[in-house]
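# Structural overview for review
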Amino acid sequence: MTAAEEATEVSASETIDAKIRELADWRGETLARVRKWIHEADPDVVEEVKSRGVPVWSHDGILCTGETYKKAVKLTFAHGAALDDPAGLFNASLEGNTRRA
């Protein structure tokens, strides 16, 4: 990882930390828990922040995004349509050919 990439990752991680603190409720706790699981599943994941401060986790492309709403924390998986979902966990973006949330 280049110094520029590392600096971007640090600032993105700090931005996500701040977002979790600012939420200061179940949404922040949920986002922090999901973030931990993502890092456990892929220790080489890179954190980014996209438009409107949305956390993005990437590794050779976008894995997923984490959006927070008043009544929900939504994870959208960039290639979720390619994943088996026997338990029916995906409940949004079902009409698309690529992503699932």
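Up top you'll find the structure we're talking about.
The sections below set out a description of the structure shown in this document. Everything numeric in this text was worked out from a predicted model, so none of it was measured.

As a further point, take the overall build of the chain. Per the secondary structure count, the chain includes two helices and four strands. Taken from the N to the C terminus, the helices and strands of the chain come in the order α-α-β-β-β-β. Over its C-alpha atoms the chain spans a radius of gyration of 14 Å, differing by no more than 12% from the 13 Å that the globule rule assigns to 101 residues. C-alpha extents for the chain along the principal axes are approximately 40 × 30 × 25 Å. When each of the 101 residues of the chain is scored for burial, the buried share is 32%. In the chain, the share of contacts with a sequence separation of at least 24, taken over all contacts with a separation of at least 6, comes to 27%. Entry remark: accessible area of the chain is about 6,700 Å², with carbon and sulfur atoms responsible for 54%. For the chain, the separation between the mean place of its 13 positive charges and that of its 18 negative charges on side chains is 11 Å.

Below, the discussion takes up the side chain of Arg35. On the secondary structure map, Arg35 appears in helix α2 (residues 26–41). Here Ser13 takes part through its backbone oxygen, which lies 3.2 Å from a polar atom of the side chain of Arg35. At 2.6 Å, the side chain of Arg35 and the side chain of Glu47 are in polar contact. Not counting the four nearest positions on each side in its chain, Arg35 is found in contact with Ser13, Ile16, Asp17, Ile20, Glu47 and Trp57.

By size, the foremost hydrophobic cluster in this structure holds nine residues: Ile16, Ile20, Leu31, Val34, Ile38, Val45, Trp57, Cys64 and Leu75. At the level of elements, α1 (3–23) and α2 are the ones that each hand at least two residues to this core. Ranked by residues supplied to this core, first place goes to α2 with three residues. With sequence-adjacent residues up to four places away left out, Ile20 is seen in contact with Gly28, Leu31, Ala32 and Arg35.

Pairs may arise between side chains of opposite charge once their charged atoms sit close together. Taken as a whole and assessed by the stated rule, the structure comprises six salt bridges. Between Arg35 and Glu47 there is a salt bridge, with its nearest N and O atoms 2.6 Å apart. With Arg35 in helix α2 and Glu47 in strand β1 (residues 46–49), the pair connects residues that are twelve residues apart, well separated along the chain. It is possible to trace a salt-bridge network through shared partners that takes in Asp17, Arg35 and Glu47.

Here we come to unusual backbone geometry. Positive phi outside glycine occurs at Ala24, with the angle close to 50°. By secondary structure assignment, the location of Ala24 is in the loop between α1 and α2. Notably, Asp60 is not glycine yet its phi reads approximately 55°, a positive angle. Summarising the element assignment, Asp60 is placed in the loop between β2 (55–58) and β3 (62–68). Judged by its relative accessible area of 79%, Asp60 falls in the exposed class.

Reading the values: rules and limits
Residues numbered from 1 in each chain as written. Predicted model: local features only at pLDDT ≥ 70, side-chain atom pairs only at ≥ 80, totals over all residues. Heavy atoms only, no water. Helix = DSSP H or I, 4+ residues; strand = E, 2+ residues; numbered from the N terminus. Rg over C-alpha atoms; globule rule 2.2 N^0.38 Å. Buried < 20%, exposed > 50% of the residue type's maximum accessible area, 1.4 Å probe, protein only. Contact = heavy atoms within 4.5 Å. Areas by Shrake-Rupley, 256 points an atom, 1.4 Å probe, with all protein chains shown as cover. Lys, Arg positive; Asp, Glu negative; His and termini not counted. Charge placed at Lys NZ, Arg CZ, Asp CG, Glu CD. Polar contact = N/O pair within 3.5 Å; in protein donor to acceptor, adjacent residues only side chain to side chain. Core = buried A, V, L, I, M, F, W, Y, C linked by side-chain atoms within 4.5 Å. Salt bridge = Lys/Arg side-chain N within 4 Å of Asp/Glu carboxyl O.

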